[in-house]
Amino acid sequence: MKKFDVVALGELLIDFTESGISGQGNPLLEANPGGAPCNVLAMLNRLGKKTAFIGKVGEDMFGRQLKEAVKESGTDVTNLIMDKEVPTTLAFVHTLQNGDRDFSFYRNPGADMMLRKEEVSEDIIKAGKIFHFGTLSSTHQAVRQATRYAIETAKKNGLLLSFDPNLREPLWDTLDHAKTEIQYGLSKCDILKISDNELEFMTDTKDYEEGINILRRQYDIPLIFLTLGKAGSRAYYKELSVQEKPFLQENTIETTGAGDTFTGCALAHILEWGLDGLTQNRLQELLQFANAGASIITTRKGALKVMPEKAEIESFINSRKQ
């Protein structure tokens, strides 16, 4: 018996998101808990799964806020390290008119990039069924070593590896470096969630089918999810290629956490069925549920604290069938 369904490693930070204008005409910013790995875990917690997080924050007001928020979401924080010298990473998020986001990061350095290999708990990784990671924990040498150690530990102990590139261009010294680290993740994962713009970045084509074929020729990835924003999502598994339409709604305010919500929903279904138990009908059901969860989160500020419940997602899907 495994103690955790999913263990994730990566960044944990404060997302300062726009929340109106002050009486003096200045923008008001809300300090939302952020970081893709913990967003994924928060969604899994809502779906009744058990999760643990490995990472580092500063021993400051933001770090304490983050630790409490992650703990309250239901995630084990035993291996969340508090750094006494380096402050918590901050991100300022500007929402564009089309709902996309522009990021400005305060991370030079930030505590999340200071995680060291010797601080990673092998026992916590061993206690998981799935290990989830991205690339923001590979932007700098020390945390990259910690991430690769965790990945190899997960591989050695038979965990499924889930990877989301989560490309954030401002955090890389060069885009060639980003591409190299994404390639490393692609070479290790069993489950890939990749966005349309990331697929284009990695394959130099806007033809998504050709892009997926390029990845499948280069890497042995059993299951690939492609998220297409307002065009829905696709899944590629063995000879199966399944597409599901999106749930568009007028009250969308931002896309923060949509991809992470999708990933959490997808991993929850894989935990139920197993990677070998997927069929076309199950993949269709998975994509529909994940698309619905992602749609709901776009109507809310932030992500980690406001993930939808299973019943809410199911009710939302049923309301669209009427």
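Residues numbered from 1 in each chain as written. Predicted model: local features only at pLDDT ≥ 70, side-chain atom pairs only at ≥ 80, totals over all residues. Heavy atoms only, no water.

Attention now moves to the overall build of the chain. On a plain count of helices and strands, the chain comes out with 10 helices and 13 strands. Relative to its length of 322 residues, the chain is compact, with a C-alpha radius of gyration of 18 Å against a globular reference of 20 Å. Projected onto the principal axes, the alpha-carbon positions of the chain cover approximately 50 × 50 × 40 Å. A sequence separation of at least 24 residues applies to 72% of the contacts in the chain between residues at least 6 apart. Of the charged side chains in the chain, 38 are positive and 45 negative, and the gap between their average positions amounts to 4 Å. (Helix = DSSP H or I, 4+ residues; strand = E, 2+ residues; numbered from the N terminus. Rg over C-alpha atoms; globule rule 2.2 N^0.38 Å. Contact = heavy atoms within 4.5 Å. Lys, Arg positive; Asp, Glu negative; His and termini not counted. Charge placed at Lys NZ, Arg CZ, Asp CG, Glu CD.)

Overall, the coordinates contain eight aromatic pairs when judged by the stated rule. Here phenylalanine 16 and phenylalanine 62 contribute two aromatic rings whose centre-to-centre distance is 5.7 Å and whose plane-to-plane angle is 90 degrees, an arrangement assigned as edge-to-face. With phenylalanine 16 in strand S2 (residues 13-21) and phenylalanine 62 in helix H2 (residues 61-73), the pair connects residues that are 46 residues apart, well separated along the chain. Measuring from centroid to centroid gives 5.6 Å for phenylalanine 103 and phenylalanine 105, while their planes differ by 10 degrees, and the two rings are stacked. For the pair shown, phenylalanine 103 and phenylalanine 105 are each scored as buried. One aromatic cluster in this structure is built from Phe16, Phe62, Phe92 and Tyr106. Stacked on the ring of tyrosine 184, the Lys or Arg arginine 148 has its end atom at 3.9 Å from the ring centre. Just above the ring of phenylalanine 201 sits the side chain of lysine 179; from NZ or CZ to the centre is 4.9 Å. (Phe/Tyr/Trp six-rings, centres within 6.5 Å; stacked < 30°, edge-to-face > 60°. Buried < 20%, exposed > 50% of the residue type's maximum accessible area, 1.4 Å probe, protein only. Lys NZ or Arg CZ within 6 Å of the ring centre and 35° of its normal.)

Take the sheet that holds strand S8 (residues 128-133) next. Overall, mixed pairing links the nine strands, which are arranged S5-S4-S1-S8-S9-S10-S11-S12-S13 in an open sheet. Unpaired on one side and paired on the other, strand S5 (76-83) and strand S13 (240-244) mark the two borders of the sheet. In this sheet, neighbouring strand axes are inclined to one another by 15 degrees on average, regardless of whether the strands run parallel or antiparallel. Contacts between helix H1 (residues 36-46) and the sheet are confined to strand S1 (4-9), strand S4 (51-58) and S8, with S4 contributing the most and set at about 145 degrees to the helix. Set on the sheet, helix H4 (residues 141-156) makes contact with S1, S8 and strand S9 (160-163); between it and S8 the angle comes to about 150 degrees. (Pairing = 2+ DSSP bridges. Axes fitted to C-alpha atoms, helices over the stretch in contact; angles between N-to-C directions.)

Along an α-helix, a turn takes 3.6 residues, which lines up residues three or four apart on a common side. For helix H7 (residues 208-218), every residue scored as buried is listed here: Gly211, Ile212, Ile214 and Leu215. The buried residues of H7 occupy an angular sector of 155 degrees when the element is viewed end-on, so they sit on one face. Where H7 is buried, its residues contact helix H5 (175-188), strand S10 (191-195), helix H6 (196-203), strand S11 (223-227) and strand S12 (233-237). (Arc of directions from axis to C-beta.)

Inspection of every chain in the model, using the stated rule, returns zero disulfides. In this model cysteine 265 remains outside any disulfide bridge; the closest cysteine sulfur is found in cysteine 38, 16 Å from its own. Using a relative accessible area of 0% as the deciding quantity, one classes cysteine 265 as buried. (Disulfide = S-S within 2.5 Å.)

Here we take up the pattern of salt bridges. In this structure the tally under the stated criterion is 16 salt bridges. Between lysine 129 and aspartate 5 there is a salt bridge, with its nearest N and O atoms 3.1 Å apart. With lysine 129 in strand S8 and aspartate 5 in strand S1, this residue pair connects regions lying 124 residues apart in the sequence. By relative accessible area, lysine 129 is classed as partly exposed at 38%. In this structure, glutamate 181 and arginine 144 form a salt bridge, with 3.9 Å as the shortest nitrogen-oxygen distance. Of this pair, glutamate 181 sits in helix H5 while arginine 144 sits in helix H4, and the two are 37 residues apart along the sequence. Across the pair, arginine 144 and glutamate 181 agree in class, each one buried. Residues joined in a network through salt bridges with shared partners are Lys56, Asp83, Arg116, Glu118 and Glu119. (Salt bridge = Lys/Arg side-chain N within 4 Å of Asp/Glu carboxyl O.)

A few words on the environment of glutamate 72. Tracing the sequence through the fold places glutamate 72 in helix H2. Note: C-alpha distance between glutamate 72 and alanine 42 (30 residues apart in sequence) is 9.4 Å.

One finds Leu12, Leu223, Phe225, Leu283 and Ile313 to be the most contacted residues of the largest nonpolar core, which totals 55 residues. Phenylalanine 225 has contacts with Ile191, Leu192, Lys193, Ile194, Arg234, Ala235, Phe262, Ala266, Ile270, Leu286 and Leu287, leaving out every residue within four places of it along the chain. (Core = buried A, V, L, I, M, F, W, Y, C linked by side-chain atoms within 4.5 Å.)

On to the pairing of S13. Along S13, the buried face is formed by Leu240, Val242 and Glu244; none of Ser241 and Gln243, which line the opposite face, is buried. The turn linking S12 back onto S13 is made up of two residues, and lysine 238 within it adopts a positive phi angle of 55 degrees.

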